[in-house]
Amino acid sequence: MEDNLPVNVREYQELAKKALPKMHYDYINGGAEDEYTLRENIAAYGRILLRPRVLIDVSKIDMSTTLLGYNMPSPIIVAPTGSHKLANPEGEVATARAAAACKTIMVLSFSSNCKIEEVASSCDAIRFYQLYVYKRRDVSATLVRRAESLGFKARRAESLGFKAIVLTVDTPVLGRREADIRNRMVFPLSPNFEGLMSFDDEPGTEGGSKMERFARETLDPSLSWKDVEWLKSITSLPILLKGIVTAEDARKAVDAGAAGVIVSNHGARQLDYAPPTIAALEEVVKAVAGVVPVMVDGGVRRGTDVFKALALGAKAVMVGRPVFYGLAARGEAGARHVIEMLNKELEVAMALCGCRSVAEVTRRHVVTEGDRIR
Ligand code: FNR
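Residues numbered from 1 in each chain as written. Predicted model: local features only at pLDDT ≥ 70, side-chain atom pairs only at ≥ 80, totals over all residues. Heavy atoms only, no water.

### Focus on the environment of Glu90
Step number 1: Mapped onto the elements of the fold, Glu90 is located in the loop between strand E4 (76–78) and helix H4 (92–101).
Step number 2: As for Glu90 and Glu340, which are separated by 250 residues in sequence, their C-alpha atoms are 20 Å apart.
Step number 3: Discounting chain neighbours no more than four positions away, the residues touching Glu90 are Lys85, Arg97 and Cys114. (Helix = DSSP H or I, 4+ residues; strand = E, 2+ residues; numbered from the N terminus. Contact = heavy atoms within 4.5 Å.)

This is how it looks when you write it as structure tokens:
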């Protein structure tokens, strides 16, 4: 065991800041424009208090749950974040191994630095694939097919291949991330696009980040509910919609046949002044009315945050930056340690709230700002 291992996510963030070039730390850490939503994603968790119940035998805590029928030892899964080689030379393969060691689900980003096939064959795990719908529909369709077909070819359907598509719906255009614009952020094109698409690497004469220019050329601002229909027509995998924060869209997602809804504001990297996700969760949970699972991401830094999300109706939470920080600080071991720490913190929170299983975590275990006003 190394000496002086970090004891929480914030300490990993500090280590990541020291380990990374400023441009890359800013890319990971930053949000859109005034970063109001970025601060609020975390601050809103701080305004929810817990109502511990005592004198309940908590000698056995079972954090296990299921998602789309897959068993998980805890409700914490890995959010899709792009370009893991900025944090570690092994990139998403290291993250995939960390997630697999924790027996949890990793959602592989469309903007990964490792190939789909490489990640799939790196270790046994259940994985989901995150998708952007590009103007070039053929590029998106090809990647969906590649992610899906692995499961059939490998004949080990339980361990290889991706089991769901996470369609990111909050990015018809790229949010204005000012740190990236200032730093003229450059990033490597995903090797998944090799042979499908090229991108001229010359710095843009118009200024801004290369990422912004790439996004302008690739992302499709005409993205609409019709594209969910299109995606359903090209894959038999379940489709989760990521980036929903209102009851209206949650109902539409269910009507469109989504297998799940992910309450997300893209880690506050898209629309600034969008609500902090933990504040939007309950409205979405009510709208979905148990028809499909609801997940949440954004600002989860503590096991108590996970507990609060469960109490407000989330089936699972996704963590983005914390895993990235772990990867930047200590590679695969760091990413794994971050997930393990959050699991441990959740276990303690459940014990101290008198909850022996995730099913026992209820709305009565939290007090939100709204509750206090009422
Ligand atoms: C992201 N996110 C993201 N989402 C997505 O659908 N596709 C992607 O490629 C990326 N890339 C990405 C890169 C980085 C560096 C970050 C920080 C985030 C958003 C991500 O999936 C998730 O919604 C947020 O990261 C959740 O917030 P926290 O946990 O980072 O606070």
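Further notes follow.
### Structural notes on the pattern of salt bridges
Step number 1: Tallying each qualifying case throughout the model produces 17 salt bridges.
Step number 2: Arg146 is paired through a salt bridge with Glu117; the nearest N and O atoms lie 2.8 Å apart. Taken as a pair, Arg146 in helix H6 (residues 137–154) and Glu117 in helix H5 (residues 116–122) lie far apart in primary sequence, 29 residues in all.
Step number 3: Here Glu117 falls in the partly exposed class, since its relative accessible area comes to 28%.
Step number 4: Across the pair Arg213 and Glu217 runs a salt bridge whose closest N-O atoms are separated by 3.6 Å. Linking Arg213 with Glu217, this pair stays in helix H8 (residues 210–218), spanning four residues, or about one helical turn.
Step number 5: On the accessibility criterion, Arg213 (10% relative accessible area) is buried.
Step number 6: For Glu217, a relative accessible area of 45% gives the class partly exposed.
Step number 7: A cluster of three or more residues bridged by salt bridges with shared partners is formed by Glu40, Arg47 and Glu369. (Salt bridge = Lys/Arg side-chain N within 4 Å of Asp/Glu carboxyl O. Buried < 20%, exposed > 50% of the residue type's maximum accessible area, 1.4 Å probe, protein only.)

### What to know about the layout of surface pockets
Step number 1: In this model, the largest pocket occupies a volume close to 420 Å³.
Step number 2: If you go around the largest pocket, you meet 21 residues; those closest to its centre are Val169, Asp170, Gly243, Ile244 and Asp249.
Step number 3: Tallying contributions element by element places helix H9 (residues 225–234) first for the lining of the largest pocket, with three residues.
Step number 4: When its residues are assigned to classes, the lining of the largest pocket shows twelve nonpolar, six polar and three charged.
Step number 5: Put simply, the second largest pocket is a space of about 270 Å³.
Step number 6: Around the second largest pocket, the lining comprises 15 residues; the ones closest to its centre are Ile278, Ala279, Thr368, Glu369 and Gly370.
Step number 7: Of all the secondary-structure elements, those providing two or more residues to the lining of the second largest pocket are helix H11 (277–288) and helix H14 (369–373). (1 Å grid on protein atoms, 1.4 Å probe; cavity = no way out; pocket = protein on both sides within 12 Å on 5 of 7 lines; lining within 4 Å. Points joined across faces, edges and corners; volume = space filled by probe spheres on them. Nonpolar A, V, L, I, M, F, W, Y, C, P; charged D, E, K, R; others polar.)

### Things to note about empty space enclosed by the protein
Step number 1: In total, this model carries two cavities of 30 Å³ or more according to the counting rule given.
Step number 2: Along the walls of the largest cavity sit 37 residues, with Tyr27, Gly82, Tyr132, His266 and Arg269 positioned nearest its centre.
Step number 3: Among the secondary structure elements, those contributing two or more residues to the lining of the largest cavity are helix H2 (22–29), H8, strand E11 (316–319) and helix H13 (321–352).
Step number 4: A total of four residues in the lining of the largest cavity trace back to one element, the largest contributor, which is H8.
Step number 5: Class assignment of the residues belonging to the lining of the largest cavity gives a composition of 17 nonpolar, 14 polar and six charged.

### Re the nonpolar core
Step number 1: Counting 108 residues, the largest nonpolar core has Tyr129, Leu131, Tyr134, Leu281 and Met350 as its most contacted members.
Step number 2: Among the elements that make up this core, the one with the highest residue count is H13 (13 residues).
Step number 3: Residues in contact with Leu281, not counting those within four places in the same chain, are Val263, Val294, Val296, Ala309, Leu312 and Ala314.
Step number 4: By size, the runner-up hydrophobic cluster in this structure holds 17 residues, among which are Leu67, Ile126, Ala164 and Ala316. (Core = buried A, V, L, I, M, F, W, Y, C linked by side-chain atoms within 4.5 Å.)

### What to know about the packing of helix H12 (residues 303–311) against H13
Step number 1: Interhelical geometry of H12 versus H13 gives an angle of 60 degrees and a closest axis separation of 7 Å. It follows that H12 is oblique to H13 by the angle criterion. The handedness of the crossing between H12 and H13 comes out as right-handed. Of the residues in H13, those in contact with Gly303, Thr304, Val306, Phe307 and Leu310 of H12 are Leu342, Glu345, Leu346, Ala349 and Met350. (Axes fitted to C-alpha atoms, helices over the stretch in contact; angles between N-to-C directions. Parallel < 35°, antiparallel > 145°, perpendicular 65-115°, else oblique. Left-handed = near helix turned anticlockwise from the far one by under 90°.)

Honestly, that's just the spatial picture; any functional story needs more than this.
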